[in-house]
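For reference, the chains in residue letters:
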Amino acid sequence: MKALPLRRPIHRLLCAVALVACSAFPNVGSGQIVAGTDVTYANRYIWRGVTRASVPVFQPDIYVAYRHRNSFVTVGGWWSFETRSGANEISDTGPEVGGLGESNYWVELSTRTGPLDLAVGFTSYLFEDDVPGGRDSSWNTSELYATLWWETTALIPKVKFWYDIDAIEGAYIETSIDLRVPILPVAYLYIGALAGWSAGQAVQEAAPSQPVHFEQDGLTHVDISAWASFRLGRSLSLAPELHVQINEDPATKRTLADDSAGVKTWFEIAVSWAAEFGGRR
Amino acid sequence: MRHKALLATALFVAGCGYNEIPLSAPVSEPPAPPGGEARLLAGFGRADITPPPGPGLYAYGPEGREARGFRVRLYAKALVLEDLEGERIAFVVADLGVISVALHRSAAQRTLESAGIGADRLVLAATHTHAGPGNFMGVKQFDDHGTSVAGYDTAMVAFLAVRIGDAVRQAVDSLRPARVGFAMVPVWGFTRNRSLGAFRNNPDSLKVYEPPPGLDLDESQRAVDPTWTMLRVDLFDAGSARFVPAGALSIFAIHGNAIPSVNDLYDADIHAAMQRRLEIHVDSLNGRTSSFAPRAVHLVANGAEGDVAPIFPEEGRCPPPKLRLGRRPGGPHTPPPAEEWRPLSPDLEAACIDASTTYVDSAGPVLGERAVEIFDSLAGRLSGDVRIARAFRTVPLRGAGAPPDLCDAPRVGTVTLVGSDGSTTRYYGWRLFGVIPMGFEHEGSTVETKPRGCHAQKRIALGSLQGLVVGKHGLPEMAQLMIVRVGGLALAVAPAEVTVSAGVMIERTVRREARAAGIPVDSVAVISLANGDLRYIVTPDEYAVQDYEGASTLYGPHSATVLARELGEMAALLGSGGPAAAAADVGAVIAYAGKLREVMPGRDAGPPPEDIERRFVSLECAGDTAVASWIDIYPGRLVPADGPLLRVERETSRGWEPHFWDDHSGLEIRALEAKGSRGYLWETRWLPEETPPGSYRMVLEAREGFSALAGGPFEACVGEPAGSSGDSRR
């Protein structure tokens, strides 16, 4: 794993934002630090509807947050490790390689007011150098993002917005709604419907050589999911997800290096641990 | 198949883990006719049973919070009677949610040693306050799921048993010639039936109570047992050479759940106000002014209250927590947070508690005023020529010797999980996929559509898996039944919450059997929640409706029939009084307790007093509430308290004078935070209702190692209501 490079101005900005955010809450005392980690296993890595790895992946995530009432300032890192792929697979690491394909680092400010959850953040996407047949560091980029949830008794509508400020300079938007379905007195099943929209992250006529995620702007895909999130004891939780995706953009239709499909399915399961340290009970 | 095996194994393991605790079988010494002049003797006792913060508050199930302090202290009050044949009986009413067999036997062991009173002569009843401690049940499921603080604490059992024993010993030590008399007076308008659908299903022959014409009561308020039974006791005063009022034993059917589940303080609920009003009255009759604790003693046991609730205001009930996604930080790839039960905001919880305490502080004294009227009406109807008899029976509910019409194994219905009307849990109203009713409500789907097996209409929670989850010995398996006769009054002592109509069944059977045996019984009253806890007892017709009480009747539809029959048989054994009539079947029993845990801070908690500088830290007004905090010794050392902890003084022309002590319902004491070797931070909140203007100050009472400590003077706070559990304390 390589260290976070500070060569680009945008990465220096990331560190600056993190420092400013942390210094905004100088009294980091008891009960205000939350640390968490999780690992997700997915049978394939789908990102914004695009198959990034058609092989199973393990994706660890770690973060530490400062809590001020209902608000958090969080910094964290996330990594995607691919299992060894075949020659015909889609892979960030390149065919028949496996290992670390992508690293993300982020800083996020989030808050909750009544039923509303709002988060704004900055994230960087980093790839390995010299990856034949995969994604190399020319794909490194950074985005600002914002998410808004509105949690009601039965429905959770969400809007997520990302704007690439580095390599691509375009936006991607997700609108979704989750329906809460009671399956046990102590747990819900969530049925979700999500639509992805590209607004500048597709091929641009004015800059045809610019890295892009999609082939056309507009609706990229529709994702129907079923998921749940169970607590296992005080600090552990388990979140299985099952997805059926209807592909619209040609980039989202790719399922293997030489194959496409209008619909694809995948699942993932995540185990999470989080704890708050030193606080009053 | 493999998954089913794994699930079954997991559930089986969940149901295991009980702790077998043999209980003593203390049988009373034979009555010894007193020498000299034969006469009725009586004595009263009182012991503070307020535990330290830490245990869970019992009776709301897992919704009950961990206790953080107290609002109204808990007491065990004792009345001991001894007739001219030497027949002795002890009545103890404790401000607890229920009485466990483990506690009854432990207390009886102590009263046997100190006063010759064994289990067969000890009526230990609970007021059924829902703000008393748990962790003393000795029944696995009740220990582990009866409150949010799971476990069985032997120290809690010992603490309560010792103090109950102290109250009885005080009563025995103060036995004096006495005159007693009883009355049964209807008191309407303070209670309502919370399970009206089940009550309605009874035959008319069991709906016997009718209010007088002109009372404006709705159907639920008419569907109760309004009978206030009072046994007044006057004691001989050697100084004045006459009998003077001393106290009373009352029985009135009312749930002790006016204080809601979001409360985190010990509180004796509405019974405390009912008791105290008469105690102050009796003290005044004897020329005594009230102080920290009145001298007179008024025991208020519960009657057929299974389906009878106080008429608390709607605002006194908080909605239960809701299952929502948790509030956890993360980033763009962090999985969704786990769901968690999200409680109401502290402000809303405070509003609920305010509404309920306001109700208790207004309705309780009014009920107490009725007690005063009944007490005074008995003044000319007292007698010292009263015979006492009792019969006691230990009844196995499972296995050999169990009544054949009970179900083989106890089961709870789905409705038990959702709570009662007015005290619903977080599971109330749950439906599969949001639309398919699964019995998590109070009517309709709660009834098994195809009744089969002994439990008939009961929709058993978790179905056939319940046996695995509850486990072997997970629920009560024996009952201690008792009948006491005091003159013409028979008291049927039931280890359960008996509904109004089940109470009628019991009273009728006892009266019929006693009279058939030639025993002079004029009146019968049921004392619920005494000597054990079987949860609820309903009539067969109520059982068929499967409301909360029916679902919580553990041994099936014939439970009330069996209970009435057993008590009727025992009534026939009462005889005309005297030792020959005694029937005492105190068998050896075993408690199957839950997890053994130390939940109650000990007397050695924290640093010793000499290492702590007791001092006030702050005093401020939060709206209309005065809030003071101070550093003191740890919970376990400061509470349990033998005497007052804190008093509020008012400045008068004679200087600073006590205004009231910390047993005043307007004052709360709460343990806030450990400060390590510096001590423990405590807080008191005083809502000075109807307080005369002037200067006040708080004074920490002197105690071992500390002299009294006065805080600074302050004016009574004036402002918007701050709530009794505001955000600042959490």
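This report concerns the structure included in the present document. Numbering of residues starts from 1 in every chain and runs along the sequence as written. Ligands are numbered from 1 and chains lettered from A, in the order in which they are written. pLDDT decides what is reported in this predicted model: residues at 70 or higher carry local features, side-chain atom pairs at 80 or more are listed and counted, and totals for whole chains, interfaces and linings draw on all residues regardless.

### Some remarks on the overall build of chain A
Convention followed: Numbering goes from the N terminus for both helices and strands, where a helix is a DSSP run of H or I of at least four residues and a strand is a run of E of at least two. Any residue with 12 or fewer other C-beta atoms within 10 Å of its own C-beta is exposed, any with 20 or more is buried, and the rest are partly exposed; the C-beta atoms used are placed from the backbone. A residue pair is marked as a contact if its C-beta atoms, positioned from the backbone, fall within 7 Å.
If you tally the helices and strands in chain A, you get two helices and 17 strands. In chain A, buried positions account for 37% of the 281 residues. Considering only contacts in chain A between residues 6 or more positions apart, those separated by 24 or more positions represent 52%.

### Quick word on helix H10 (residues 500-516) of chain B
Residue and element names in this part refer to chain B. The following threshold applies: For a helix, the expected span equals 1.5 Å multiplied by the number of residues minus one.
If you check H10, its first and last C-alpha atoms are 24 Å apart, about what 17 residues at 1.5 Å a residue would give, namely 24 Å. Of all 17 residues in H10, 12 are buried; the element is thus mostly enclosed. Residues of H10 that are buried: Val500, Ser501, Ala502, Gly503, Val504, Met505, Ile506, Glu507, Thr509, Val510, Glu513 and Ala514. Phi turns positive one or two residues past the end of H10, at Gly518, with a value near 80°.

### With respect to the packing of helix H2 (residues 101-115) of chain B against helix H4 (residues 154-173) of chain B
Residue and element names in this part refer to chain B. Put simply, the rule is: Lines fitted to the C-alpha atoms define the axes, with helices restricted to the stretch that makes contact. Angles between their N-to-C directions range from 0 to 180 degrees. Here roughly perpendicular refers to angles of 65 to 115 degrees, roughly parallel to angles under 35, roughly antiparallel to angles over 145, and oblique to all remaining angles. When the near helix sits turned anticlockwise from the far one by under a right angle, the crossing is termed left-handed; a clockwise turn instead gives a right-handed crossing. Residues are grouped as follows: Ala, Val, Leu, Ile, Met, Phe, Trp, Tyr, Cys and Pro are nonpolar; Asp, Glu, Lys and Arg are charged; all remaining types, including Gly, are polar.
For the pair H2 and H4, the least separation of the axes is 8 Å and the interaxial angle reads 40°. In terms of orientation, H2 and H4 fall into the oblique class. Two packed elements cross with a definite hand, and for H2 against H4 that hand is right-handed. Here H2 contributes Ala102, Leu103, Ser106, Ala107, Arg110, Thr111, Ser114 and Ala115 to the contact with H4, which in turn contributes Val157, Ala158, Leu160, Ala161, Val162, Ile164, Gly165, Val168, Arg169 and Val172. Split by residue class, the contact of H2 with H4 holds 12 nonpolar, four polar and two charged.

### A closer look at the interface of chain A and chain B
As a measure of interface size, the accessible area lost when the parts come together is often cited. Facing 37 residues of chain A, the contacting portion of chain B comprises 25 residues. Element by element, the count of residues in the side of chain A that touches chain B is highest for strand S6 (residues 99-113) of chain A, at five residues. Split into classes, the residues belonging to the side of chain A that touches chain B amount to 17 nonpolar, 13 polar and seven charged.

### A few points about helix H7 (residues 269-285) of chain B
Residue and element names in this part refer to chain B. Its 17 residues place the ends of H7 26 Å apart at the C-alpha level, agreeing with the 24 Å of an ideal helix rising 1.5 Å per residue. Buried residues dominate H7, accounting for 14 of its 17 residues. Positive phi shows up at Gly287, right after H7, with a value of about 75°.

### Things to note about the environment of Val386 of chain B
Residues and elements named next belong to chain B. Of note, Val386 is situated in the loop between helix H8 (346-377) and strand S18 (388-396). Sequence-wise, Val386 and His281 are 105 residues apart; in three dimensions their C-alpha atoms are separated by 25 Å. Beyond its immediate stretch of four places on either side in the chain, Val386 contacts Leu40, Asp83, Val180, Val486 and Gly487.

### Things to note about the environment of Asn202 of chain B
Residues and elements named next belong to chain B. Structurally, Asn202 can be placed in the loop between helix H5 (196-200) and helix H6 (219-222). It is 7.5 Å that separates the C-alpha atoms of Asn202 and Ser501, two residues lying 299 residues apart in sequence. With near-sequence residues (within four places) excluded, Asn202 lies in contact with Lys207, Ser501, Thr539, Asp541 and Glu542.

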